[in-house]
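# Structural description and commentary
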Amino acid sequence: MTANVLIEELGPRGQRRVRIGTIVALLAGALALIWMYVQLSNNGQLEGARWTDLFDSGTLRFLGEGLLATIQAAIVAGIIAIVVGFALALMNLSNSRIASALAVGWVELFRALPLLLMIFGVFFIDTSLARGRGGDAVLGVFWSVVVALVLYNSAVLSEIFRAGVRSLDRGQTEAAQSVGMTYWQTMFIVVLPQAVRRMVPAIVAQMATLTKDVSLGFVIGYEEFVRRGAGTPNFGDTEVTNFQAYVSVGLVYFILVWAMAKLADWMESRQRRTPQVAAATEEIESELALGDSLAAGP
Amino acid sequence: MVEALASMRGVNKWYGGTMHALKDINLDIAEGEVVVVIGPSGSGKSTLIRTINRLEPIQEGEIRIDGKLLPEEGKELARLRAEVGMVFQSFNLFAHKTILENVTLGPMKVLKKSKAEAKASAEKLLERVGVAHQAAKYPAELSGGQQQRVAIARSLAMEPKVMLFDEPTSALDPEMINEVLQVMLDLAAAGTTMVVVTHEMGFARSAADRVVFMDEGAIVEENDPESFYKNAKTERARDFLSKLITH
Amino acid sequence: MSWSEFLDKYQGPLIDAAWTTLRLAFVSFGIALVVGIIVVSFRVSPIPPLVRVATWFVAFFRNTPLLVVFFLALFGLGDLGLVYDFFPTAAVALGLYTGAYMAEVLRSGINAVPQGQAEAGRSIGLGFIQLMRLIVIPQAVRTVIGPIGNLFVANFKNTAVASTISVLELTGQSQRMFNDAAAGVWRVLIVITAIYLLFLFPAGYVFRWLDARFSIKR
């Protein structure tokens, strides 16, 4: 076991204490598991049918459609958010005062509001406009979720892009300008390609967060994965209750987001092997003040 | 012969079970003696000095301070460490404490001295190492040489039986090396027991009672500084010294 | 509906909702601090099962949607025989969720304390507890003020999700008002946004000030 700053290499007494602590912790863990087992089975939550009914083909399809809807919204919102975030970052870094003020306002406002409120806001503005016209809503639930996700994530991503560009060595820009490139040539030919490469792990991590947040579409009736989970106990002739539904939805969701976060961590650790890039990654992190890892912000 | 203040007997240390870092070390340091340890990088000289207060544990052999066996852990170890001063290559002043607090922390928290008492003696020590006017500042506001002198004062405040110096001038800019060496020379002159890992030949020649030459984890040669630097007995020492001088 | 009619009707509910948001934000953040400290001490302990539990805990809460955490707290805890009111359930669920992030932030703070600081402490004779109390924790805390501020803001925003389990805080109140066509969608949005910003901009300012005041120069 590698020592951290807290723990010295243990002497014999320390090692004995660790052994005792290990045994106590394992016993406590076993007791907790037994207690959970007893409580759950007393409440009938461990009965076979409640779980096996999850695998009825109808239930599986019902849940699967929800999962696909989640992934669909995540992909669409993710792509648009990256494009918009990128544009915001360029506006922010540009020499135009109006453009950069607009970008700053956007970022500050949409980062400061709860995403759930933004989803409600977009959705109810859409429906109230439709009511005023006496026609159908323009956006509907899918696009309301996507628009709200784009508002929030473009703001976060633009900060990531900006930090990435600023982390680049000044010398790069100066070198490019000294060979006669204009500001925008420098930006697009020299700075951005390098910056983007460095920012990929942070972007992937943000996509993991975005995927988690698609679940909030639940509140306006978007039929994503969690909403389908909530609907499962009432879906057809099934023994499944809320407990089984949320445990399984949670598990699948966890695997999906965890895989994305792991991918981001892996990409980041691969980049860290190049010292120059590692320094830049650290700078991005400290700019964002996310601490140890770029993966999955709250 | 007087009993040694610090003694190492048959000390062996391995890193990760394979890398033999210290090989059968026997070393006695008498009270008031100044011992300089030199050797190429990776020769184990830093590891050796760090075993004396068990910043590095050993697997074989025994280390005694003032006749007492070095404890392996716990309060006993902490108490013993308080009697052994240590000065690091990178100073390691407590970054969140002022200079004065750096020096009073140990006396107050470990020796349980009153604040007034600790402060009075800290001020005297800071005076002695020439940074008294910086007492209210934070470490980052001082130069490397000043920080290292504060680190020496911090160790001295514990009134240690022996002072260990682990390459105290290697991280310093050339113009600051002398101010730190001067403090160390004064300590030596005052009869402090010191073990110093350093390449500073000038310090070794004017202050050391003995030079210990290490290579590949073993003590290869020990002698008084004049004899050692003029005519080292072993080929390896001569080879090392020739490289040191031509640089 | 005029502004004065709007205020007549909604002033009371808005103040109640803002108070609920505030209470939930602070209670859950307090829980998150306690949870974060416990989890991080497991995480850096030399006892392997505790390290494993802490790692799983953090991975679970970081990679599961908050909404699912809330529903699991509501139904899962109920099935374990632990039935609480909506507000405490929300506070605990949110506290555990933010606590996982808190543990990671605290861990990064501990890892940022250089080994040399601990060695210097040991060599003047500080024992383990003294070393923690006098050197490691004060330094770790100072490096994570900024990230903890970010967590506070994120946690504050996440109180909105409690509306899904019947806690009538600001976002839940906004939903009710959105459904009242006479209240006006834009007006509701502006009022609720203003209340959130009123809380969150000063919070950001306070944490930036704390960070500037207490962070360590190296």
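Keep in mind that what you see is a predicted model, and the values were worked out from it rather than measured. (Residues numbered from 1 in each chain as written. Chains lettered and ligands numbered in written order. Predicted model: local features only at pLDDT ≥ 70, side-chain atom pairs only at ≥ 80, totals over all residues. Heavy atoms only, no water.)

Here the focus is the overall build of chain C. In terms of helices and strands, chain C carries 9 helices and 0 strands. Secondary structure of chain C in N-to-C order comes out as α-α-α-α-α-α-α-α-α. Expressed as lengths along the three principal axes of its C-alpha atoms, the size of chain C is roughly 75 × 45 × 25 Å. The proportion of buried residues among the 218 residues of chain C is 59%. A sequence separation of at least 24 residues applies to 79% of the contacts in chain C between residues at least 6 apart. As displayed, chain C offers around 9,000 Å² of accessible surface, 69% of which is attributable to carbon and sulfur atoms. (Helix = DSSP H or I, 4+ residues; strand = E, 2+ residues; numbered from the N terminus. Buried < 20%, exposed > 50% of the residue type's maximum accessible area, 1.4 Å probe, protein only. Contact = heavy atoms within 4.5 Å. Areas by Shrake-Rupley, 256 points an atom, 1.4 Å probe, with all protein chains shown as cover.)

Under the defined criterion, the tally for this structure stands at 28 aromatic pairs over all chains. The interplanar angle of 35° and the centroid separation of 6.0 Å between the aromatic rings of Phe120 of chain A and Phe124 of chain A together place this pair among those described as tilted. Placement of the pair is Phe120 of chain A and Phe124 of chain A together in helix α5 (residues 115–133), with a separation of 4 residues, close to one helical turn. For Phe120 of chain A, a relative accessible area of 1% puts it in the buried group. Look at Phe57 of chain C and Phe61 of chain C: their rings are 4.7 Å apart centre to centre, the planes differ by 50°, and that puts the pair in the tilted class. In this pair, Phe57 of chain C and Phe61 of chain C both sit in helix α2 (residues 48–62), 4 residues apart, roughly one turn of the helix. Of note, Arg227 of chain A hangs over the ring of Phe218 of chain A, and the distance from its end group to the ring centre comes to 4.9 Å. Above the plane of the ring of Phe94 of chain B lies Arg154 of chain B, whose end atom (NZ or CZ) is 4.6 Å from the centre. (Phe/Tyr/Trp six-rings, centres within 6.5 Å; stacked < 30°, edge-to-face > 60°. Lys NZ or Arg CZ within 6 Å of the ring centre and 35° of its normal.)

Turning to the nonpolar core, a few remarks are in order. Counting 169 residues, the largest nonpolar core has Val226 of chain A together with Leu14 and Phe70 of chain C as its most contacted members. Among residues more than four places away in sequence, those in contact with Leu14 of chain C are Phe6, Leu170, Gln173, Met177, Val191, Ile192 and Ile195 of chain C. Counting residues in hydrophobic clusters, the runner-up holds 47 residues, among them Leu126, Met176, Met194 and Ala207 of chain B. (Core = buried A, V, L, I, M, F, W, Y, C linked by side-chain atoms within 4.5 Å.)

The subject of this paragraph is the interface of chain B and chain A. Taken together, the contact pairs 9 residues of chain B with 6 residues of chain A. When the two sides are added together, the surface that chain B and chain A hide from each other amounts to roughly 580 Å², 31% of it contributed by carbon and sulfur. Our count for the chain B to chain A interface comes out at 2 salt bridges. Of the charged contacts, one joins Glu8 of chain A and Arg81 of chain B as a salt bridge, the two residues approaching to 2.6 Å between their closest N and O atoms. Seen at the junction of chain B and chain A, the total is 4 residue pairs in polar contact (both at pLDDT 80 or more). The residue inventory of the side of chain B that touches chain A, partitioned by class, reads 1 nonpolar, 2 polar and 6 charged. (Buried area = accessible area lost by both parts, 1.4 Å probe. Salt bridge = Lys/Arg side-chain N within 4 Å of Asp/Glu carboxyl O. Polar contact = N/O pair within 3.5 Å; in protein donor to acceptor, adjacent residues only side chain to side chain. Nonpolar A, V, L, I, M, F, W, Y, C, P; charged D, E, K, R; others polar.)

With 16 residues, helix α4 (residues 97–112) of chain A extends 22 Å from end C-alpha to end C-alpha; this agrees with the ideal 22 Å at 1.5 Å per step. Residues of α4 of chain A that are buried: Ala99, Ser100, Ala103, Val107, Phe110 and Ala112 of chain A. Looking at the buried residues of α4 of chain A, the elements they touch are α3 (57–93), α5 and α6 (140–167) of chain A together with α7 (145–158) and α9 (185–214) of chain C. (Expected span 1.5 Å × (residues − 1).)

Remember that side chains alternate between the two faces of the sheet whenever the strand is regular. Residue and element names in this part refer to chain B. Counted residue by residue, strand β9 (residues 210–215) has 6 buried out of 6 residues, so it is predominantly covered. Side chains of β9 alternate between two faces, with Arg210, Val212 and Met214 and Val211, Phe213 and Asp215 buried alike. One ladder, built from 4 bridges, connects strand β3 (residues 34–38) with β9; its direction is parallel. For Val35, the partnering residue across the bridge sits in β9 and is Arg210. Sheet topology note: the β9/strand β10 (residues 218–223) ladder contains 5 bridges and is antiparallel. Residue pairing across strands places Asp215 opposite Ala218, the latter belonging to β10. Counted between consecutive antiparallel strands, the loop separating β9 from β10 contains 2 residues, among which Glu216 sits at a positive phi close to 45°. (Pairing = 2+ DSSP bridges.)

What follows concerns the domain arrangement of chain A. With domains assigned, chain A is organised as domain 1 (10–41) and domain 2 (73–296). Of note, the centres of domain 1 of chain A and domain 2 of chain A, computed from C-alpha atoms alone, are 41 Å apart. (Domains from an automatic or database assignment.)

Between chain C and chain A, the contact holds 64 residues from the first and 58 residues from the second. Both faces combined, the contact of chain C with chain A buries some 5,100 Å², and carbon together with sulfur accounts for 73% of it. When the buried surface of chain C facing chain A is broken down by residue, Asn63, Asp79 and Leu80 of chain C rank first, second and third, together holding 13% of it. Across the contact surface, chain C and chain A share 1 salt bridge. Of the charged contacts, one joins Glu8 of chain A and Arg122 of chain C as a salt bridge, the two residues approaching to 3.3 Å between their closest N and O atoms. Secondary structure elements with two or more residues in the side of chain C that touches chain A: α2, α3 (66–79), α4 (86–111), α5 (115–123), α6 (128–143), α7, α8 (170–178) and α9 of chain C. Of the residues in the side of chain C that touches chain A, the class split is 41 nonpolar, 17 polar and 6 charged.

This next bit is on the sheet that holds strand β4 (residues 60–65) of chain B. The strands that make up a sheet pair up through hydrogen bonds in the backbone, lying either parallel or antiparallel. All names here are of chain B. Strand order across the open sheet formed by 4 strands is β2-β1-β4-β5, with antiparallel pairing between neighbours. A strand with exactly one partner marks an edge of an open sheet, and here the two such strands are β2 (19–29) and β5 (68–69). Judged from the 5 bridges that link them, strand β1 (residues 6–15) and β4 form a sheet pairing that is antiparallel. Looking across to β4, one finds that Ser7 is bridged to Arg64.

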